[in-house]
Amino acid sequence: MKNVEYRTATSVQGGLIVMGGVPGVAAGTRVSLRDHAGRLRNGLVIRVSDEAVLVEVFEGTEALDLERTWVRFLDEPFRLPLSRDIMGRIFNGAGQPRDGRPPIISAERRNINGEALNPAARAYPREFIQTGLAAIDGMNSLTRGQKLPIFSGGGLPHNRVAAQIVRQAKLLGEEASDFVVVFAAFGVSSTDARFFQESFEDSGVLNRVVMFLNLADEPVIERLLTPRAALTAAEYLAYDLDYHVLVVMTDMTAYAEALREVAVLRGDVPARKGYPGYLYSDLAEIYERAGRIRDRRGSITLIPVLSMPSDDITHPIPDLTGYITEGQIVLSRDLHNQGVYPPVAVLPSLSRLMKDGIGKNYTREDHPHVASQLFASYAKALEVRGLAAIIGAEELSEADRRFLEFADAFERRFIGQGEDEDRSVYETLNLAWDLLSMLPPEALIRVSEEELAKYHKWQAVP
Amino acid sequence: MGRIVEINGPIVRLELPQTVIGEQVRVGALGLTGEVIGRDGDTALAQMYENTEGLRPGEAAEGLGHALSVELGPGLLNAIFDGVQRPLSAVRAKSGDRIARGVEVPALPRERRWAFRPQARHEAGTRLEGGDVLGTVQETASIEHRILVPPDVQGELLEIAPAGEYTVDETIARVRVRDGSVRKLSLSHRWPVRTPRPFRRRDHAVKPLITGQRILDTFYPLLKGGKAAIPGPFGAGKTMLQQQIARWCNAEIVIYVGCGERGNELTDVLEFMPELKDPHTGRPLMERTLLVANTSNMPVVAREASIYVGITIAEYFRDQGYDVVMVADSTSRWAEALREVAGRLGQMPVEEGYPAYLGSRLASFYERAGRVETLSGGHGSVTLIGAVSPPGGDFSEPVTSHTKEIIQTFWALSKELADARHYPAVDWLESFSGYVPSAAKWWAENVDPGWEAARSEALELLTESEELQRIVNLVGVEALSSEQRWTLEAAGLIKEGVLQQSATDEVDSFASPEKQYVLLDAMLQIRAQGMRLVKLGAPVRRLLQLPLLAQARRWKSQYPSEEMAALRAQIAEIPGIFERVALEYAERTVE
């Protein structure tokens with residue numbers, strides 16, 4: 001069957017082609033398609049019956065006709081060839097080289113859809129990863145095997161934040177970064193792709209990075225394969241070669257839009273904002289591939305970047321993502337406009353796995369309480385700031401004015417830091433106490449009395 | 001024997017004459033399983049529990065002759081099953097870290113022998129009814145598994161096995177049923193998941209489910225046999241709250257259904273639970289717990305089934321006379337699975353793409369909760385707690401709004417509270433409970449007659465402070481009268497000293513009913529004492545400087561539930577503290 005070419009197309013439209021009367025085609029099989037000019041295209045069978053086979057064409061159906069289109073069914077799902085040599089290489093969304101070097105030849109070829117991990121086989125992530133960013137390490141810390149997205153918006157520096165995390169991420173006690181990076185970009189501009197490439201080059205990690213690129217002007221359907229191909233490579237590196245893999249993906253919004261585009265062509269019933277009802281399941285298939293497996297050394301930590309359409313966190317893409325991932329790092333346009341970098345909005349940000357990766361045996365015993373206190377104090381401080389905007393700062397009580405000062409200092413000194421500044425978690429915690437010391441001890445009820453005695457540097461104003 | 005005609009994602013069209021809706025099918029070379037959901041002439045539509053990649057038209061398909069059912073017997077507790085009751089640990093032993101398709105593993109262990117003790121009153125000739133207890137197996141140290149006659153069997157007992165060790169397959173009794181044939185009974189039997197198990201009649205729910213969470217037990221109680229929903233946007237702490245309930249509640253059996261949720265959360269439960277002790281019996285929590293896991297990346301049709309697998313097992317333990325809690329996280333994912341299948345079938349969507357039967361399916365699912373008199377005359381209950389994940393946190397969306405009409409207790413989670421790290425982020429204004437009058441009776445008899453009054457006073461205080469807070473946000477705190485400022489402070493005490501509860505703090509994680517009441521009562525005393533002074537003209541600023549206010553906020557994590565005497569001693573000092581302020585103030589006015 002692999003070698004037979006069929007020329008039985010009965011209709012072609014918007015990326016889909018229907019082939020009539022081909023017996024015994026398997027669902028999900030790969031397709032090779034030759035057009036009238038002899039150009040080869042790739043496709044995937046997405047629906048099949050006795051009478052008709054529906055094929056999705058990655059490169060689009062531009063310039064196809066019914067009479068001179070030949071289709072071969074390759075009788076296998078989409079597979080990615082894998083070997084140690086993928087390190088340092090750049091592939092397109094379908095896993096073919098785009099760096100001008102030869103293709104990967106290997107007997108190890110894996111279905112990019114993967115298979116669901118048995119929940120009983122998972123190991124719970126609890127090793128603290130130090131990113132060097134205080135807003136993350138101190139208040140929303142990342143653990144090995146976690147999936148923690150960055151929710152951003154157009155024009156915000158999410159790429160710079162992601163690149164800084166890649167450069168600085170390390171386990172406590174380790175000298176240099178021990179990570180292998182899989183980087184997947186889909187639907188991004190070539191400028192953004194080049195930014196990452198240069199950032200990896202400058203920090204000397206390029207030979208430990210595998211890149212999968214599908215740029216904004218490249219086939220939309222291929223975008224659906226890109227994250228899957230990248231995660232297949234990540235799984236190979238993590239579970240076959242024992243690496244700790246940090247996967248950075250950008251931009252999930254482009255992915256979801258591609259999914260919607262294809263769903264509409266297929267005639268799927270739309271749910272919210274035209275996105276198909278299976279958007280949640282589809283995103284979960286991607287995100288849930290992060291994690292750790294019992295008795296295996298490697299791990300996959302996933303940082304997907306997504307831009308929230310009109311900064312709306314309730315939009316289906318960030319919303320469904322937030323329900324699947326273990327927290328989110330939200331970037332704020334206000335902070336960005338005030339010149340704070342990284343502009344992390346700490347209150348809507350969250351790391352669900354933080355509680356198990358910090359504290360006594362992981363970072364420092366006061367960490368959980370300090371984080372909780374920073375959240376509470378900053379939330380209160382923002383309330384005060386809101387009030388000051390209405391009645392004027394002069395009208396505030398003495399206690400409230402302290403909170404106002406705390407808010408400013410917290411944003412400038414704690415959240416804000418240099419793009420090359422790599423803070424250790426101890427520096428972060430000490431800085432937190434410096435700032436909390438601007439507030440009277442009785443305003444700090446989330447930390448224990450012993451911790452107050454040990455770290456708080458309050459000097460009552462005479 | 002039939003054949004595959006068409007494959008469209010999880011939906012497969014089969015040529016399979018004479019099949020029945022609901023029948024299980026096995027299709028293709030891989031032997032994937034699914035169930036029939038529609039018939040049209042000789043073709044049948046089936047939804048598959050596993051990924052259909054690689055299936056081809058023309059491959060074989062067969063009906064298995066029974067509906068999706070679960071195996072019920074010893075070996076259920078302490079296990080983790082997938083959405084169609086495959087034991088995931090055994091699946092892992094067979095197919096590795098990833099779930100291979102078509103893998104078949106029986107739900108209960110086949111080799112294991114259980115020590116069975118027959119009921120003394122049973123002998124040849126005894127008349128047996130469905131639901132009667134044949135005998136018992138001590139399944140875990142804390143749970144005695146009562147072996148039931150299947151509900152659809154009744155007749156004359158011919159023979160019952162003597163006490164001894166048996167596997168779940170061996171015959172332990174023979175019964176001559178009505179048509180004269182002989183049924184062999186074993187330690188286990190099967191029951192179709194979409195059919196509620198029968199009972200004699202419904203009882204009134206009377207006892208509150210104690211979860212150890214103050215905002216739930218004290219403010220919005222749930223009864224054993226009741227129905228509750230926990231809606232909340234992502235990040236509001238829904239899963240954390242449910243895990244707290246699963247850990248601490250005073251049910252005898254807890255079934256946790258992870259329906260379309262995160263894999264790591266189940267791992268968390270799996271790794272943590274064995275280390276935790278049941279606060280009511282002191283035994284490891286896993287001995288009373290059972291997990292059903294269909295994580296978000298597992299096939300969507302099995303996700304739809306997982307909820308029914310969970311509730312059927314819950315009913316089975318109820319029929320043994322136990323109080324069972326089932327936590328379903330999340331019913332929204334279940335509804336989405338329903339929507340996804342409906343979409344593939346081309347059914348007309350009504351709201352947000354959901355099929356028209358969403359409301360009725362939800363209602364009939366929740367209807368399986370309740371306290372009942374069992375077929376054998378005992379009493380058992382199923383308490384159902386469903387999480388809802390409204391898109392964008394919008395409670396007016398279909399799943400939340402339908403659920404709200406069905407349930408009695410509504411624990412609404414708020415994004416604002418969660419953002420301020422006020423956990424559990426249960427919104428005291430949005431939440432409600434229809435069980436307060438019944439719960440009040442129990443609290444009055446078992447804890448303190450003042451419970452209902454204290455609860456209402458606290459809620460009124462919280463509502464009033466909400467109004468005051470609005471004023472403060474507009475014009476500042478100086479605009480308030482002294483009394484109003486004290487009210488605001490008292491509300492803060494309730495929020496931080498009672499409502500906020502840390503799941504990670506060892507002492508605070510669980511509060512006994514007594515501790516809940518003592519803490520609440522203490523805050524209300526402080527409020528009353530302070531208010532008395534304020535009315536006498538004492539400056540509120542002086543009161544706000546009292547170290548007592550910060551101390552009271554820490555009591556919850558300083559005094560474990562067993563040390564209430566020490567806490568009561570602290571509280572006994574409150575009047576003295578205020579008395580001193582009163583004196584000091586009186587002296588100053590005299591000068």
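Rules used throughout
Residues numbered from 1 in each chain as written. Chains lettered and ligands numbered in written order. Predicted model: local features only at pLDDT ≥ 70, side-chain atom pairs only at ≥ 80, totals over all residues. Heavy atoms only, no water. Helix = DSSP H or I, 4+ residues; strand = E, 2+ residues; numbered from the N terminus. Rg over C-alpha atoms; globule rule 2.2 N^0.38 Å. Contact = heavy atoms within 4.5 Å. Lys, Arg positive; Asp, Glu negative; His and termini not counted. Charge placed at Lys NZ, Arg CZ, Asp CG, Glu CD. Pairing = 2+ DSSP bridges. Axes fitted to C-alpha atoms, helices over the stretch in contact; angles between N-to-C directions. Salt bridge = Lys/Arg side-chain N within 4 Å of Asp/Glu carboxyl O. Buried < 20%, exposed > 50% of the residue type's maximum accessible area, 1.4 Å probe, protein only. Domains from an automatic or database assignment. Buried area = accessible area lost by both parts, 1.4 Å probe. Nonpolar A, V, L, I, M, F, W, Y, C, P; charged D, E, K, R; others polar. Polar contact = N/O pair within 3.5 Å; in protein donor to acceptor, adjacent residues only side chain to side chain. 1 Å grid on protein atoms, 1.4 Å probe; cavity = no way out; pocket = protein on both sides within 12 Å on 5 of 7 lines; lining within 4 Å. Points joined across faces, edges and corners; volume = space filled by probe spheres on them.

Caption draft 1: Examining the overall build of chain B more closely. Counting its regular elements, chain B contains 17 helices and 28 strands. The C-alpha atoms of chain B give 28 Å as radius of gyration, which agrees with the globular expectation for 591 residues (25 Å, within 12%). The principal-axis extents of the C-alpha atoms in chain B amount to approximately 105 × 55 × 40 Å. Within chain B, counting contacts between residues at least 6 apart in sequence, those at least 24 apart form 70% of the total. Averaging the locations of the 66 positively and 79 negatively charged side chains of chain B gives two centres separated by 2 Å.

Caption draft 2: Broad picture of the sheet that holds strand 11 (residues 133-138) of chain B. Residue and element names in this part refer to chain B. Taken together, four strands build an open sheet; the order of strands is 12-11-9-14 and the sheet is antiparallel. Two strands in the sheet have a free side with no partner beyond their single neighbour: strand 12 (144-148) and strand 14 (164-166). The average angle at which neighbouring strand axes cross in this sheet is 40 degrees, direction not considered. Where strand 9 (residues 114-118) lies against strand 11, three bridges are found, and the strand directions are antiparallel. Each residue of the ladder has a partner; that of phenylalanine 116, found in strand 11, is valine 137.

Caption draft 3: Quick look at the pattern of salt bridges. According to the stated counting rule, one finds 80 salt bridges over all chains in the structure shown. Linking arginine 333 of chain A and aspartate 311 of chain A is a salt bridge whose minimum nitrogen-to-oxygen distance equals 2.6 Å. Of this pair, arginine 333 of chain A sits in helix 8 (residues 333-337) while aspartate 311 of chain A sits in the loop between strand 20 (299-307) and helix 7 (316-324), placing them 22 residues apart in sequence. The exposure class assigned to aspartate 311 of chain A is partly exposed, which follows from its relative accessible area of 34%. When the shortest N-O distance is used, the salt bridge between arginine 194 of chain B and glutamate 35 of chain B registers 2.9 Å. Here arginine 194 of chain B is found in the loop between strand 17 (189-192) and strand 18 (201-203), whereas its partner glutamate 35 of chain B is found in strand 4 (residues 32-40), with 159 residues between them in sequence.

Caption draft 4: A look at the domain arrangement of chain B. Residue and element names in this part refer to chain B. In terms of domains, chain B is made up of domain 1 (2-68), domain 2 (106-191), domain 3 (204-435) and domain 4 (451-590). Between the C-alpha centres of domain 1 and domain 3 there is a distance of 31 Å. Of the residues lining the interface, twelve residues belong to domain 1; the matching set on domain 3 comes to nine residues. When domain 1 packs against domain 3, close to 840 Å² is buried across both sides, 73% of that on carbon and sulfur atoms. Run the count over domain 1 and domain 3 and you get zero salt bridges. Broken down by element, the side of domain 1 that touches domain 3 gets its largest block of residues, three residues, from strand 5 (residues 43-48). Broken down by class, the residue content of the side of domain 1 that touches domain 3 amounts to seven nonpolar, four polar and one charged.

Caption draft 5: The arrangement of the domain arrangement of chain A in detail. Residue and element names in this part refer to chain A. Per the domain assignment, the segments of chain A are domain 1 (5-77), domain 2 (80-357) and domain 3 (367-455). The centre of domain 1, based on its C-alpha atoms, is set 31 Å off from the matching centre of domain 2. Listed per partner, the contact involves twelve residues of domain 1 and ten residues of domain 2. The junction of domain 1 with domain 2 conceals about 960 Å² of combined surface from both sides, 61% of it contributed by carbon and sulfur atoms. Looking only at domain 1, the three residues that lose the most surface to domain 2 are Leu16, Glu56 and Phe58, adding up to 45% of its buried area. One can count one salt bridge joining domain 1 with domain 2. One salt bridge in this structure joins arginine 109 and glutamate 76, with 3.0 Å as the shortest N-O distance. Between domain 1 and domain 2 we count one residue pair in polar contact (both at pLDDT 80 or more) in total. Secondary structure elements with two or more residues in the side of domain 1 that touches domain 2: strand 5 (40-49) and strand 6 (52-57). Of the residues contributing to the side of domain 1 that touches domain 2, the split by class is five nonpolar, three polar and four charged.

Caption draft 6: Spatial organisation of the side chain of threonine 143 of chain A. Residue and element names in this part refer to chain A. Along the chain, threonine 143 turns up in strand 13 (residues 142-143). We classify threonine 143 as buried; its relative accessible area is 0%. Excluding residues that lie within four positions of it along the chain, threonine 143 makes contacts with Pro125, Arg126, Glu127, Phe128, Ile129, Thr301, Leu353 and Gly357.

Caption draft 7: Broad picture of the environment of methionine 326 of chain B. All names here are of chain B. Examined against the element boundaries, methionine 326 turns out to sit in strand 22 (residues 323-329). Under the relative-accessibility criterion, methionine 326 is labelled buried at 0%. Taking C-alpha positions, methionine 326 is 28 Å from aspartate 419, a pair spaced 93 residues apart along the chain. Methionine 326 has contacts with Ile255, Val257, Ile307, Gly310, Ile311, Phe365, Thr383, Leu384 and Ile385, leaving out every residue within four places of it along the chain.

Caption draft 8: Structural context of empty space enclosed by the protein. Using the criterion set out here, one finds eight cavities of 30 Å³ or more in the structure. Roughly 130 Å³ of volume is contained in the largest cavity. Contributing to the lining of the largest cavity are 15 residues, with Ala271, Arg272, Pro276 and Leu320 of chain A together with Arg339 of chain B lying nearest its centre. Among the elements of the structure, helix 6 (279-287) and helix 7 of chain A together with helix 6 (331-344) of chain B are those that each provide at least two residues to the lining of the largest cavity. Here the lining of the largest cavity is composed, by residue class, of nine nonpolar, one polar and five charged. Around the second largest cavity, the lining residues are Tyr323 and Arg352 of chain A together with Pro233, Phe234, Gly235, Ala236, Gly237, Lys238, Thr239, Glu261 and Arg262 of chain B.

Caption draft 9: Looking closely at the interface of chain A and chain B. At the junction of the two partners, chain A supplies 82 residues and chain B supplies 79 residues. Between chain A and chain B lies a buried interface of about 6500 Å² when both sides are counted; carbon and sulfur atoms form 49% of it. Counting the surface chain A buries against chain B, the share from its top three residues, Pro119, Tyr323 and Ile445 of chain A, is 12%. Counting across the interface, chain A meets chain B through nine salt bridges. Here arginine 92 of chain B and aspartate 295 of chain A are joined by a salt bridge, their closest N and O atoms 3.9 Å apart. Counting across the interface, chain A meets chain B through 37 residue pairs in polar contact (both at pLDDT 80 or more). With seven residues, the top contributor of residues to the side of chain A that touches chain B is helix 10 (residues 367-391) of chain A. Classifying every residue of the side of chain A that touches chain B gives 41 nonpolar, 16 polar and 25 charged. Both strand 5 of chain A and strand 1 (residues 2-8) of chain B contribute to a ladder of two bridges, which runs antiparallel. What sits directly across from valine 48 of chain A, in strand 1 of chain B, is isoleucine 7 of chain B.

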